[in-house]
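Summary of structural features
Each chain, written out:
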Amino acid sequence: MKIEGNNILITGGASGIGRLLAVKSVGKGAKSVIIWDIDAERIASVCAELKYLAISEERPLPKQRTAVLGLTVDVSDNDAVRAAYQQTVAQTGTVDILVNCAGIVTSNRYFVDNTPEEIERTLRINTIAPMYVALAAIGDMVSCNKGHICNIASAAGMISNPRMSAYAASKWGVIGWSDSVRIELKEMHSRVRVTTIAPYYINTGMFDGVKSRIFPILKPSPTADKILRAIERDKDFKGIPFPFHFIRFWQAVLPTRFFDWFFGRVFGIYHTMDNFTGRKK
């Protein structure tokens, strides 16, 4: 589904990759760019930026300037999601494209040192919240027989990694749920599409302190381009970088001990979180 001429809703849109997706959607001529985030101050700043870009952006024969809407929403609260969705539709019309981008990582502690509160918060924001938001929007999409849901998961949802067990669990959940919905819509003969994105670490501040020996930390702008391109090409699944598409294959054919040695020690993936500090607010 093309970004141009459509309403796109991005959760976690006030920072990181979400903000970049919003900026680039304005550049692509979206009809409306709606950002939901928990941080009201950042929402105001990003909305001002987007409105400026909507006025100044040069596009080939633009039919209209992009409208911008920012709402403060706790996406882990279903009642708040429902209310925000109704407000969004009232102000911009039906959401054509939903990008579930909001996410958190709480620490690099081993699971034995996690608290129940950390585990629950991680799963509520990373796994349950995308379901809440998608559930709010998908009914209208199915009724219109038009729409696209893009869920930003993680490579951690394909390869287990020490010091991020709750995060990995939350992203494994997103990948399984997202692809299940894709298959359900296909069996319903619906034209609504689902794209699951599984990127490696992205240099947005969320994973500050991460060290990667072989695979480079992803640059935010090219990664955002690839995500939007995947939506526009109706991709079912997009691993970033491309070699991560083959993780499941190597897990299937290699003995566990050899897989752990090769990816954990040789590639160093199992030690990427050792010096994690995260985004400092």
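Reading the values: rules and limits
Residues numbered from 1 in each chain as written. Predicted model: local features only at pLDDT ≥ 70, side-chain atom pairs only at ≥ 80, totals over all residues. Heavy atoms only, no water. Helix = DSSP H or I, 4+ residues; strand = E, 2+ residues; numbered from the N terminus. Expected span 1.5 Å × (residues − 1). Buried < 20%, exposed > 50% of the residue type's maximum accessible area, 1.4 Å probe, protein only. Contact = heavy atoms within 4.5 Å. Pairing = 2+ DSSP bridges. Axes fitted to C-alpha atoms, helices over the stretch in contact; angles between N-to-C directions. 1 Å grid on protein atoms, 1.4 Å probe; cavity = no way out; pocket = protein on both sides within 12 Å on 5 of 7 lines; lining within 4 Å. Points joined across faces, edges and corners; volume = space filled by probe spheres on them. Nonpolar A, V, L, I, M, F, W, Y, C, P; charged D, E, K, R; others polar. Phe/Tyr/Trp six-rings, centres within 6.5 Å; stacked < 30°, edge-to-face > 60°. Lys NZ or Arg CZ within 6 Å of the ring centre and 35° of its normal. Core = buried A, V, L, I, M, F, W, Y, C linked by side-chain atoms within 4.5 Å. Polar contact = N/O pair within 3.5 Å; in protein donor to acceptor, adjacent residues only side chain to side chain.

**Focus: helix H1 (residues 16-27)**
Between its first and last C-alpha atoms H1 spans 17 Å; for 12 residues at 1.5 Å apiece the expected length is 16 Å, and the two agree. Counting buried residues in H1 gives 9 out of 12 residues, a clear majority hidden from the surface. Those residues of H1 that fall on the buried side of the exposure criterion are Ile17, Gly18, Leu20, Leu21, Ala22, Val23, Lys24, Ser25 and Val26. Buried-residue contacts for H1 involve strand S1 (7-11), strand S2 (32-37), helix H2 (40-56), strand S4 (97-100) and helix H6 (220-232). Phi turns positive, to about 85°, at Gly29, one or two residues after H1.

**Considerations on the sheet that holds S1**
Here 7 strands make up an open sheet; going across it, the order is S3-S2-S1-S4-S5-S6-S7 and the pairing parallel. In the strand order of this sheet, the two ends are held by strand S3 (67-72) and strand S7 (237-240), each with one partner. Each strand of the sheet is rotated relative to its neighbour by a mean of 15°, with strand direction disregarded. Both S4 and strand S5 (residues 148-152) contribute to a ladder of 4 bridges, which runs parallel. Considered in S5, the bridge of Ile97 is made with His148.

**Concerning the layout of surface pockets**
For the largest pocket, the calculated volume is near 1,100 Å³. As for the largest pocket, its lining consists of 46 residues, of which Gly103, Ile104, Val105, Met206 and Arg279 are closest to the centre. At the level of elements, H1, S2, helix H4 (116-144) and helix H5 (165-187) are the ones that each hand at least two residues to the lining of the largest pocket. Counting residues per element, the lining of the largest pocket draws most heavily on H1, at 3 residues. Here the lining of the largest pocket is composed, by residue class, of 26 nonpolar, 12 polar and 8 charged.

**Details of empty space enclosed by the protein**
This structure, assessed with the given rule, holds 3 cavities of 30 Å³ or more. Looking at the largest cavity, the residues that line it are Val105, Thr106, Ser107, Arg109, Asn114, Thr122, Arg163, Met164, Ser165, Ala166 and Tyr167. Across the lining of the largest cavity, the residue classes break down as 4 nonpolar, 5 polar and 2 charged. Considered as a void within the structure, the second largest cavity measures approximately 40 Å³ in volume. Thr11, Val75, Asn100, Cys101, Ala102, Ile125, Ala129, Pro130 and Val133 together form the lining of the second largest cavity. The element that contributes the greatest number of residues to the lining of the second largest cavity is H4, accounting for 4 residues.

**Overview of the packing of aromatic side chains**
Counted under the stated rule, the structure contains 17 aromatic pairs. For the pair Phe249 and Trp250, a centre-to-centre distance of 5.1 Å together with 70° between the ring planes defines the contact as edge-to-face. Owing to a relative accessible area of 46%, Phe249 belongs among the partly exposed residues under this scheme. For Trp250, a relative accessible area of 38% translates into the label partly exposed. Just above the ring of Tyr110 sits the side chain of Arg163; from NZ or CZ to the centre is 4.4 Å.

**Topic: the nonpolar core**
Counting 63 residues, the largest nonpolar core has Leu50, Val99, Phe207 and Ile227 as its most contacted members. Discounting chain neighbours no more than four positions away, the residues touching Val99 are Ile8, Leu9, Ile10, Thr11, Leu21, Cys150, Ile152 and Ile231. With 26 residues, the next largest nonpolar core counts Trp36, Val73, Val81 and Leu98 among its residues.

**Re helix H3 (residues 78-92)**
Helical periodicity: at 3.6 residues per turn, an α-helix aligns residues three or four positions apart in one direction. For H3, built from 15 residues, the straight-helix expectation of 21 Å at 1.5 Å per residue is met to within 8% by its first-to-last C-alpha distance of 21 Å. Its buried side turned inward, H3 meets S1, S2, S3 and H4. Here H3 starts with a cap whose side-chain oxygen sits 3.0 Å from the backbone nitrogen of Asp79, and that cap is Asp77. One or two residues past the end of H3 sits Gly93, with phi positive at roughly 95°.

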